[in-house]
Amino acid sequence: MVVSRTYEHRLQVGYEQVSITQGTTILNQFKETYPYSPNRSIGYLRTYSEQINSRLIMLDEEKKVYVDSFNQLVPNTILHLTILKKETVPGSIFSNTEAFGYVQYTLLPFQTGESKGYLLMVQDANELFAEVTSFQRWMIQTLLIAVFSFFMISYIVSTWFSKPIRQIITQLKKITPQKRVFSVKHQRQDEVKALIDAIKNMVEELNLYDDRQRRFLSTSSHELKTPLTTMQLIVENLPYVREQEALYGEFVQDLAFQVKKMQRLVDQLLRINSIWDDKCNKELINIHDIQEHLLDSFQYIALGNEIELKFDLEPLEFYVDRELFYRALENLVSNAIRYSPKGRQVKITSKREKGWNKISICDHGIGIGTEDLPHIFELFFRSNDATEWNQDGTGLGLTIVKQIVDLHNGRIEVYSLKNQGTCINLFFN
């Protein structure tokens, strides 16, 4: 609408300038006949009216008809036209009439001596109207084509952009509890790629979780079945050795050992399953609290095994869940003491390293073989050397430590040489 009106206005200005130029030329030829020779004036008007195909009317100072080129208006006729009320002249007004269609009225003032008059030009402006209409029609067609083209381009672009979303939805609908497979290829490095990667990771984590759960149930069943089978055999044979006091006492002792082992196994299994459900209630603890806790927990046990606990601690502060953090340290220190020969040393150190708070538990015990290192955090894993050295173990301690470290968004490093010792480093923010 704005463009159309602007175009129409510019056309009208052009038509107006042409009319004013024509009218000025005409006035220069016959304005001297006014007001003395009406007959000569009308002759001039008729001639120029035919030349420019317009109706020319001369008006007196009061804007009454002086002469009419069509000789239809008598002198002193009062015309009721909008152009005659226009204060700024020369100028034109365009009007849409019922009888003649689009008409242009142009009024030019002139003066002869002391006499003042006006020249009114009435011209057919249907050509201007037709041009404006043609322009509007062209604009509408152009806009329709542009809108249609924009719609098609938008549809194509949106289809192109939404294609990976549709693929994602299709793949997600195929995922079932029994089958979790998500495979969508997307080359562009954008938000959709990030979404696809996130879903892939989620599906992989779910599959890994299911696999761990199955392995956990399978391994747990196996590990629980072993002491239960032993306990069943002992109980079945107890009546037959009742009269043999020494053998009977040995059977009872073995039964108590298996019950204790099973209790410890069940307790650690419950811990493993509950750690991820526990809220990590972090608080600030300092290195002095850590040293005091480890001494209270293990000084007596270490002395009983002739193991020296040595501390080399920088004054650090850890922002951790106190109970979980202490449980991880207890498992590591307990293992270090359990798998170290008498007369050896277990060293606990702490320092700041590359933006991390690092705490290390190092021993000079039996160590871990290279082939066993990748598996030490797996459920129920125990190396042959560890089993031969100490039967009293479940293979769950390091699994619990790894869970606790992961829950704190930390990391764990293990360095070990067979028959030389093991050093486990924990890193916390």
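Above this text sits the structure in question.
Criteria and thresholds
- Residues numbered from 1 in each chain as written.
- Predicted model: local features only at pLDDT ≥ 70, side-chain atom pairs only at ≥ 80, totals over all residues.
- Heavy atoms only, no water.
- Helix = DSSP H or I, 4+ residues; strand = E, 2+ residues; numbered from the N terminus.
- Buried < 20%, exposed > 50% of the residue type's maximum accessible area, 1.4 Å probe, protein only.
- Contact = heavy atoms within 4.5 Å.
- Areas by Shrake-Rupley, 256 points an atom, 1.4 Å probe, with all protein chains shown as cover.
- Pairing = 2+ DSSP bridges.
- Axes fitted to C-alpha atoms, helices over the stretch in contact; angles between N-to-C directions.
- Patch = residues over 30% accessible without salt bridge, like charges linked within 9 Å, V, L, I, M, F, W, Y side chains within 5 Å.
- Salt bridge = Lys/Arg side-chain N within 4 Å of Asp/Glu carboxyl O.
- Disulfide = S-S within 2.5 Å.
- Core = buried A, V, L, I, M, F, W, Y, C linked by side-chain atoms within 4.5 Å.
- Polar contact = N/O pair within 3.5 Å; in protein donor to acceptor, adjacent residues only side chain to side chain.
- Phe/Tyr/Trp six-rings, centres within 6.5 Å; stacked < 30°, edge-to-face > 60°.
- Lys NZ or Arg CZ within 6 Å of the ring centre and 35° of its normal.

Caption draft 1: Geometry of the overall build of the protein chain. Summing up its helical and strand segments, the protein chain has 9 helices and 12 strands in all. In the protein chain, which comprises 429 residues, the proportion classed as buried is 38%. Intrachain contacts of the protein chain at a sequence separation of at least 6 include 61% that bridge at least 24 residues. Of the roughly 26,500 Å² of accessible surface on the protein chain, a fraction of 53% belongs to carbon and sulfur atoms.

Caption draft 2: Summary view of the environment of Thr77. With respect to the secondary-structure elements, Thr77 resides in the loop between strand E2 (65-68) and strand E3 (91-97). The spacing of Thr77 and Val67 is 10 residues in sequence and 9.7 Å in space, taken between C-alpha atoms. Residues contacting Thr77, with those up to four places away along its chain left out, are Lys64 and Val65.

Caption draft 3: Quick look at the sheet that holds strand E4 (residues 101-112). Taken in spatial order, the 5 strands line up as E2-E1-E5-E4-E3 in an open sheet, and their pairing is antiparallel. If you trace the sheet from one side to the other, it starts and ends with E2 and E3, each paired once. Adjacent strand axes in the sheet meet at a mean angle of 25 degrees, parallel and antiparallel pairs treated alike. Bridge count between E3 and E4: 7 bridges; the pairing is antiparallel. What sits directly across from Thr97, in E4, is Gly101. Here helix H2 (residues 38-52) sits on the sheet in contact with strand E1 (54-59), E2 and strand E5 (115-124), set at roughly 155 degrees to E1. In this fold helix H3 (residues 126-174) packs onto E3, E4 and E5, with an angle of close to 130 degrees to the strand it touches most, E4.

Caption draft 4: Spotlight on a nonpolar patch on the surface. A cluster of nonpolar residues, Phe148, Phe151, Met152, Tyr155 and Ile156, forms a patch on the protein surface that exposes about 560 Å² of accessible area. Looking at the secondary structure, you find Ile156 in helix H3. The exposure class of Ile156 is exposed, given its relative accessible area of 53%.

Caption draft 5: Main features of the state of the cysteines. Applying the stated criterion across every chain, the model contains 1 disulfide. Note on cysteine connectivity: Cys362 is disulfide-linked to Cys423, with sulfurs 2.0 Å apart. Of this pair, Cys362 sits in strand E10 (residues 356-362) while Cys423 sits in strand E12 (residues 421-428), placing them 61 residues apart in sequence. With a relative accessible area of 19%, Cys423 lands in the buried category.

Caption draft 6: Broad picture of the nonpolar core. Core analysis: the biggest nonpolar cluster contains 38 residues, and Ile290, Leu309, Phe318, Phe325, Ile348 and Leu426 have the highest contact counts within it. Tallying contributions element by element places helix H7 (residues 322-338) first for this core, with 9 residues. Excluding residues that lie within four positions of it along the chain, Ile348 makes contacts with Leu294, Leu309, Lys310, Phe311, Asp312, Leu313, Val333, Ile359, Ser360 and Ile361. Counting residues in hydrophobic clusters, the runner-up holds 16 residues, among them Ile20, Leu56, Val67 and Leu108.

Caption draft 7: Highlighting the side chain of Asp68. Tracing the chain through its elements places Asp68 in strand E2. Within polar-contact distance, the side chain of Asp68 engages the backbone nitrogen of Leu73 at 3.2 Å. Among all residues touching Asp68, those that are not within four sequence positions of it are Ile42, Arg55, Leu56, Ile57 and Leu73.

Caption draft 8: Local environment of the packing of aromatic side chains. Scanning the model with the defined rule gives 9 aromatic pairs in all. Seen in terms of ring centroids, Phe325 and Tyr326 are 6.3 Å apart; in terms of plane orientation they differ by 40 degrees. Their pairing is tilted. When sorted by exposure, Phe325 lands in the same class as Tyr326, which is buried. Among the aromatic side chains, those forming a connected cluster through ring pairs are Phe318, Phe325, Tyr326 and Phe428. The ring of Tyr118 carries the charged tip of Lys63 above its face, separated from the ring centre by 5.2 Å.

Shape is all these values report; function is a separate question.
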